[in-house]
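Observations on chain architecture
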Amino acid sequence: MEKGRTTIEVGDDGVALITIVNPPVNSLSIDVLYSLKDNYEQALRRDDVKAIVVTGARGKFSGGFDISAFSSIQGGKIGQPNADFISIEIVTNTLEGARKPSVAAIDGLALGGGLEIAMACHARVSTSNAQLGLPELQLGVIPGFGGTQRLPRLVGLTKALEMILMSKSIKGEEAYSLGLVDSIVPPDQIVTTARRWALDIVEFRRPWIRSLFKTDKLEPLGEAREILKFARAQAQKQAANLQHPLVCIDVIEEGIVSGPLAGLQKEASSFQHLLTSDTCKSLVHVFFAQRATSKVSGITDLGLKARNIRKIAILGGGLMGSGIATAFIMSNYPVILKEVNEDFLKAGIERIKGNLQNQVKKGKMTDEKFEKTFSLLKGVLDYGSFREVDLVIEAVIENVSLKRQIFSDLEKYCPPHCVLSSNTSTIDLNLIGEKTSSQDRIVGAHFFSPAHVMPLLEIVRTNKTSPQVVVDLLDVGKKIRKTPVVVGNCTGFAVNRTFFPYTQSALLFVDRGLDVYKIDHACTKFGMPMGPFRMIDLVGFGVGVATGLQYLQSFPDRCYKSMLMPLMLEDKRSGEATLKGFYKYDKRRKATVDPEINKYIEKSRKMAGVTADPELLKISDKDIVEMVFLPVVNEACRVLDEGISVKASDLDIASIMGMGFPPYRGGIIFWADSLGASYVYKRLEEWTKRYGNFFKPCSYLTKHAANGIPLSSSEDQGKARL
């Protein structure tokens, strides 16, 4: 691979144009940074250079520091860069401290280190749609090239904290209104304007500003400390398990209290420390794993191009169907929504309208955009208009015979190229399509509820699904801003199957004496959005019992059949919808503990023929988390072994985006590997002896533990059995 670099070109006007060249986003590799320093020094030495303009090749300034270097550093393949040298010697002394003025010409994006380079220039001109931001906290680090010191001095402390702590990028127009850039110009004039601006600085017609030493936007010290105190409280409230946001606030404060040079020193040392933290390793893994989901061996390496899917039809306007339709029309796809009668159709259209109106209320959509988006939806009661569609998504109730009939009808009414997909979350796709002769174009398109919000799309292929159909859905998934993960066909597919032991192990341990609320507390403290019992309440006991029975039928050797939910259902306690489940709810759906559940637990325990284990009353939150999640890891190993998920990293992304597993732990397999396969095996063996075969380690886990191989390694992974 060609190394990244910068080029220098000196014009007749005496301006040196330094261009960052490192496709696709002109990332700042170590090579680029050294080349930037060399070309700057050349421009400063040359008598024919009066000023400097820095820009990026092909309409992109820079996407920031090269993230692939993070994993190389963490894996010990390359040495850690000297952040001190980059931030102080290159960015501060060479760029900002230059005796010739420089102007950044920003187009496309200036993110992370890219924006930090731009802020070290003495002025910035930008296009109106350029993206500017410091998103480093998403990767478990802080800005390391002076961003924590310069951004507050350019936009004020409050706005800088918002942009950095929330990894929030802004467009050029807003950057101009805040003072982050000095002028907005069209893309074709960006370099010309920057050249002129640089010469104006030389000729004292415009100010020569070193951002690091600006103070006019900084609040007085007392006020600044109050703002920082509030930011700390918010960071601890929103991400109690994360240290790097608090480190970032400390670094910003250091610069305000002790001066910007002290701030730079603290920033550099903190950046280097965080770079090798567990959080950074996890988030960098997630970054690359998310991008790898669209690479599927035997599918995306065949040279197939995605066909142009223009028109979508959705069958069923219930909660899932309306959510899926919303996702498509919000991405400018025309959608036909079919229902069985006028009342159902009207209700479905109203749901979609409500979803869009919520976007308007949140300020994410204008009234004009609402009208335009809603106009893409057409409701129908028959298949007459299905002759023009390229993709159908069936989202009716989970009934095999109904779905079979629908797919037979679709084969008759849809064109031969049309992709026929089902949003089923549990039913075998081979059963759905067995009465058709189009099994090569039948595929699962499993969205997660609410479908227009949740980022994951499981693409479920059978052993007959053609690679072209999978390629088409991967393309569509990206276009509707989902992360698509290709999985095999089985009960629950990848996500729901992997996580069925999440609730079952929790129910088992409640029968054995663990407190419901203690389990939920431990899981939320670990980083889950909610514990297993709060989740059951949200989904509803009816769904919980029905899916539990399906897993019992499919995997009878390793299911735990608790009677707790059926007993509560008998008393019309079915979750949040009835204001009573494991918790009780007020009219605003606020959950509180309910001691009444103890009587059902006692009954369930008697029916199971077990007694409470006094040892369980003494265990720590860490033990509870492992008791709930290590059976999930065990099932994840089976999913890998059977080829239901083709890569461990796919399962990591699916666990984060489908079940809310904390991203800063890297996903279910990455987290398990941080504990070690032998540790996971040992704990499951302990519980197998004590509580039965629900915990019995599978062969994949057993082999990996015995051989000291990470669970993510595909060395022993089985071939896909779809």
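Residues numbered from 1 in each chain as written. Predicted model: local features only at pLDDT ≥ 70, side-chain atom pairs only at ≥ 80, totals over all residues. Heavy atoms only, no water.

**Focus on the side chain of Arg124**
- Along the chain, the position of Arg124 falls in strand β6 (residues 123-126).
- Of the side chains bearing the opposite charge, Asp182 lies closest to the buried Arg124, which forms no salt bridge; the N-O distance is 4.2 Å.
- For Arg124, the side chain forms a polar contact with the main-chain oxygen of Cys121, separated by 2.9 Å. (Helix = DSSP H or I, 4+ residues; strand = E, 2+ residues; numbered from the N terminus. Buried < 20%, exposed > 50% of the residue type's maximum accessible area, 1.4 Å probe, protein only. Lys, Arg positive; Asp, Glu negative; His and termini not counted. Salt bridge = Lys/Arg side-chain N within 4 Å of Asp/Glu carboxyl O. Polar contact = N/O pair within 3.5 Å; in protein donor to acceptor, adjacent residues only side chain to side chain.)

**A word on helix α21 (residues 532-539)**
- Turning to α21, its buried residues number three or more, namely Pro532, Phe533, Arg534, Ile536 and Asp537.
- Each element contacted by the buried residues of α21 is listed here: α19 (495-511), α20 (516-526), α22 (541-554), α23 (564-570), β18 (583-585) and β19 (591-593).
- Remark: Gly540 follows α21 within two positions and exhibits a positive phi of approximately 105 degrees. (Contact = heavy atoms within 4.5 Å.)

**A closer look at the sheet that holds strand β9 (residues 183-184)**
- Taken together, 6 strands build an open sheet; the order of strands is β1-β2-β3-β4-β6-β9 and the sheet is mixed. The outermost strands of the open sheet, each flanked by one partner alone, are β1 (5-10) and β9.
- Two elements, strand β3 (residues 51-56) and strand β4 (residues 102-106), share 3 bridges in a ladder whose sense is parallel. Bridge pairing links Val54 to Ala104 in β4. (Pairing = 2+ DSSP bridges.)

**Some words on the packing of helix α4 (residues 113-120) against helix α5 (residues 147-155)**
- Closest axis-to-axis distance for the α4/α5 pair is 10 Å, and the angle between their directions is 60 degrees. Here α4 lies oblique to α5, going by the angle between them. Helix-helix and strand crossings are classified by hand; for α4 and α5 the assignment is left-handed. On the side of α4, the interface is formed by Glu116, Met119 and Ala120, while α5 contributes Gly147, Arg150, Leu151 and Leu154.
- Its residues assigned to classes, the contact of α4 with α5 shows 4 nonpolar, 1 polar and 2 charged. (Axes fitted to C-alpha atoms, helices over the stretch in contact; angles between N-to-C directions. Parallel < 35°, antiparallel > 145°, perpendicular 65-115°, else oblique. Left-handed = near helix turned anticlockwise from the far one by under 90°. Nonpolar A, V, L, I, M, F, W, Y, C, P; charged D, E, K, R; others polar.)

**Thoughts on the packing of helix α1 (residues 30-45) against helix α3 (residues 83-96)**
- In the contact formed by α1 and α3, the axes pass within 10 Å of each other and the chain directions differ by 25 degrees. The angle between α1 and α3 falls in the class roughly parallel. Classified by chirality, the crossing of α3 by α1 is left-handed. Together, Ile30, Leu33, Tyr34, Leu36, Lys37, Tyr40, Glu41 and Leu44 of α1 and Phe85, Ile86, Glu89, Ile90, Thr94 and Leu95 of α3 make up the contact between the two elements.
- Residue composition of the contact of α1 with α3, grouped by class: 10 nonpolar, 1 polar and 3 charged.

**Focus: the sheet that holds strand β16 (residues 456-461)**
- Pairing is mixed across the open sheet formed by 8 strands, whose spatial order is β12-β11-β10-β13-β14-β15-β16-β17. The sheet is open, and its two edges are formed by β12 (377-380) and β17 (483-488), each paired on a single side. Mean inter-strand twist for the sheet, computed between neighbouring axes without regard to direction, equals 25 degrees.
- Judged from the 4 bridges that link them, strand β13 (residues 391-394) and strand β14 (residues 419-422) form a sheet pairing that is parallel. Opposite Ile393, over in β14, you have Ser421 as the bridge partner.
- In the packing of helix α14 (residues 342-361) onto the sheet, contacts are made with β11 (335-338) and β12, and the angle to β12 comes to roughly 165 degrees.

**Focus: the UniProt feature "domain: 3-hydroxyacyl-CoA dehydrogenase C-terminal" (unreviewed entry) in the protein chain**
- In the numbering used here, UniProt assigns the feature "domain: 3-hydroxyacyl-CoA dehydrogenase C-terminal" (unreviewed entry) to residues 492-585.
- The span residues 492-585 shows a helical share of 61% and a strand share of 3%, and its end C-alpha atoms are spaced 30 Å apart. (UniProt positions renumbered as here; feature names shortened; annotations may be inferred.)

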